[in-house]
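Here is how the chains run, residue by residue.
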Amino acid sequence: MSQSEHARTMAVPTERNLLKIFLIAFKLGLTSFGGPVAHLGYFHEEYVRRRKWIDERSYADLVALCQFLPGPASSQVGIGIGVLRGGLLGGIAAWLGFTLPSAAALALFALAIQGSGIANAGWLHGLKLVAVAIVAHAIWSMGTKLAPDRGRATLAVAAAAAVLLWQTALAQVLVIAVAGCAGVWMYRHKEMPKPEHIHVPISRRTAIICLSLFGVLLAALPLLRQAGIGGWFISLFDSMYRAGSLVFGGGHVVLPLLEREFVPTGWLDKADFLAGYGATQAVPGPLFTFAAYIGAVAQGWLGAIIATIAIFLPAFLLIVGALPFWSTLRVNLRAQGALFGVNAAVVGILIAALYTPLWTSTVQAPADFALAAALFVLLTHWRIPPWAVVIAGALGGMLLEWL
């Protein structure tokens, strides 16, 4: 059987096949600690090496595509593998399995701390300091890869300055767009590698429908919200959908956008927001499940479900819409140059997020700085798993109460 025939056979969405896709993704959702880069390692071990659902070349191609698209890259890789294995339903099964464990855990955490009188507890303050260390670590690791030269480092600093000086939801979108244009100009003469083909059991017609739906929702939801249609449901869905649509670089970069969507508008206060972001580091699976925590704080279990679906829906529509066109897109010099610029801007947006809301609202005393620095060293040099750093941060926050 040829490789293309094998791929078509894989994509038959039988009930048994879909259940298997879900259960394997669910296992990964329970055990995949460490953030997006670590998730890709877990996926490679499970899907490429162990089960051979996708070959090395196709997996690398899929990862490259998901790095190019906005949204949670690791989740999009999982969705893409689910699509290759079981079509559209396979993509849904893979997403649901990988997302459910952390989303449920964060929703439970949100409901547990509400009305408990522990909002200002020392261990919660420690979780906020964990968030400072986590974002600083993301800047450290991403900066060396995404802004390694003079041009991209300049773009990163300019993006940080722009986002800090112009603190609106629109600022991040415009900064990314301008950085993409700058990248096209700066790297217009760079030679690109020859693309590798990947077979996808999705027609271009289906892909165009998904891309069209992505654009329609992105434009229509704010209009419905402004018209007062749908109440809190549309408001929550709109905020989460835009966050999932416009964020490049993964879960950490979504922090400033969500903070500006939900804290100033009164959906939740800054202390609860930062405590939830810290708790997100302790659970496996995608960082975008932070949306489940916000939704649960705002509107209980129903809010958690709506928020989770809304923030991941753009990722699903984009990966399904882009897969059939990827081989053509990869040879486009302008597209690759834009990616270089956008990735540099992502580093700058992270720098801005580290300063506000994290640093300005959390590091209030020398002891806070000392604990955050210690947590950062545990992550960067001692290579301690994030979940263990979260525990250390919570214990450190409790200790600070006694100082």
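My aim in this report is to walk through the structure given alongside it, one point at a time. What you see as residue numbers is a count from 1 along each chain, following the sequence as written. Given that this is a predicted model, residues contribute local features only at a pLDDT of at least 70 and side-chain atom pairs are listed and counted only at 80 or more, while totals for whole chains, interfaces and linings are drawn from all residues. Values reported for side chains reflect all heavy atoms of the structure, with hydrogen atoms and water molecules removed beforehand.

**Some words on the overall build of the chain**
And step 1. Secondary structure elements are taken from DSSP: a helix is a run of H or I of four residues or more, a strand is a run of E of two residues or more, and numbering for both begins at the N terminus. The secondary structure content of the chain amounts to 17 helices and 0 strands.
And step 2. In this description, contact between two residues means that some pair of their heavy atoms is separated by no more than 4.5 Å. Within the chain, counting contacts between residues at least 6 apart in sequence, those at least 24 apart form 77% of the total.
And step 3. In these tables, accessible area is a Shrake-Rupley quantity obtained with a 1.4 Å probe, and a residue counts as shielded only by the protein chains included in the view. Carbon and sulfur atoms provide 67% of the accessible area of the chain, an area that totals close to 17,400 Å².

**Comments concerning the packing of aromatic side chains**
And step 1. In summary, the pairing rule links any two rings of Phe, Tyr or Trp, Trp by its six-membered ring, whose centres are within 6.5 Å, and it sorts them by plane angle into stacked for under 30 degrees, edge-to-face for over 60 and tilted for everything else. Applying the stated criterion across every chain yields a total of 18 aromatic pairs.
And step 2. On the basis of an interplanar angle of 25° and a centroid distance of 5.6 Å, the ring pair of Tyr47 and Trp53 is categorised as stacked.
And step 3. Whether a residue is buried, partly exposed or exposed follows from its accessible area with a 1.4 Å probe, protein chains only, as a fraction of its type maximum: under 20%, in between, or over 50%, in that order. The exposure class assigned to Trp53 is buried, which follows from its relative accessible area of 7%.
And step 4. Three or more aromatic residues joined by ring pairs form one cluster here, namely Phe109, Phe273, Tyr277, Phe290 and Tyr293.

**Focus: unusual backbone geometry**
And step 1. Within the chain, Lys52 stands out as a residue other than glycine whose phi angle is a positive 55°.
And step 2. Looking at the element boundaries, Lys52 is found in the loop between α3 (36-50) and α4 (56-68).
And step 3. Positive phi values are uncommon outside glycine, yet Arg383 reaches one of about 55°.
And step 4. One can find Arg383 in the loop between α16 (366-380) and α17 (386-401).

**Things to note about the nonpolar core**
And step 1. In terms of nonpolar packing, the biggest core is built from 125 residues, with Met240, Leu258 and Tyr293 touching the most fellow members.
And step 2. A per-element tally of this core places helix α13 (residues 290-322) first, with 19 residues.
And step 3. Excluding anything up to four places from it in sequence, Tyr293 contacts Leu106, Phe109, Ala110, Ile113, Leu268, Asp272, Phe273, Ala275 and Gly276. Think of a nonpolar core as a cluster: buried Ala, Val, Leu, Ile, Met, Phe, Trp, Tyr and Cys residues, connected wherever their side-chain atoms sit within 4.5 Å.

**Description of the pattern of salt bridges**
Pairs can form between side chains of opposite charge once their charged atoms are near each other.
And step 1. The salt bridge criterion pairs a side-chain nitrogen of Lys or Arg with a carboxyl oxygen of Asp or Glu, the two atoms within 4 Å. As enumerated under the stated definition, the model contains 10 salt bridges in all.
And step 2. The partner of Arg50 in a salt bridge is Glu46, and the shortest N-O contact between them spans 3.6 Å. Linking Arg50 with Glu46, this pair stays in helix α3, spanning 4 residues, or about one helical turn.
And step 3. Asp149 is paired through a salt bridge with Arg152; the nearest N and O atoms lie 2.7 Å apart.
And step 4. Judged by relative accessible area, which is 26%, Asp149 ranks as partly exposed.
And step 5. Each of Lys27, Glu46, Arg50 and Arg51 takes part in salt bridges that share partners, so that together they form one network.

**Regarding the packing of α16 against α17**
And step 1. Helix axes use the C-alpha atoms of the stretch in contact, all axes being lines fitted to C-alpha atoms, and the angles between their N-to-C directions lie in the range 0 to 180 degrees. With their axes 10 Å apart at the nearest point, α16 and α17 run at an angle of 165° to one another. Judged by the inter-axis angle, α16 sits roughly antiparallel to α17. By crossing handedness, the relation of α16 to α17 is classed as right-handed. Here Ala367, Asp368, Leu371, Leu375, Leu378 and Leu379 of α16 come into contact with α17, specifically with Pro386, Val389, Ala392, Gly393, Gly396, Gly397 and Leu400. Here is the rule for angles: anything less than 35 degrees is roughly parallel, anything more than 145 is roughly antiparallel, 65 through 115 is roughly perpendicular, and the remaining ranges are oblique. We call a crossing left-handed when the near helix sits turned anticlockwise from the far one by less than a right angle, and right-handed when that turn is clockwise.

**Let's talk about the side chain of Glu261**
And step 1. Its location among the elements puts Glu261 in helix α11 (residues 254-262).
And step 2. Polar contacts here mean pairs of N or O atoms no more than 3.5 Å apart (in protein, one a potential hydrogen donor and the other a potential acceptor; neighbouring residues in sequence count only if both atoms are side-chain atoms). At 2.7 Å, the side chain of Glu261 forms a polar contact with the side chain of Arg242.

**Focus on the environment of Phe214**
And step 1. Positionally, Phe214 belongs in helix α9 (residues 204-226).
And step 2. Residues Phe214 and Phe316 lie 102 residues apart in sequence; the distance between their C-alpha atoms is 9.3 Å.

**Quick look at a nonpolar patch on the surface**
And step 1. A contiguous nonpolar patch, built from Trp387, Ile391, Leu395 and Met398 and spanning about 390 Å² of accessible area, is present on the exposed surface.
And step 2. Positionally, Trp387 belongs in helix α17.
And step 3. Overall, the relative accessible area of 39% leaves Trp387 in the partly exposed class. Patch criteria: residues need more than 30% relative accessible area and no salt bridge. Like-charged residues are merged within 9 Å; nonpolar side chains of Val, Leu, Ile, Met, Phe, Trp and Tyr are merged within 5 Å.

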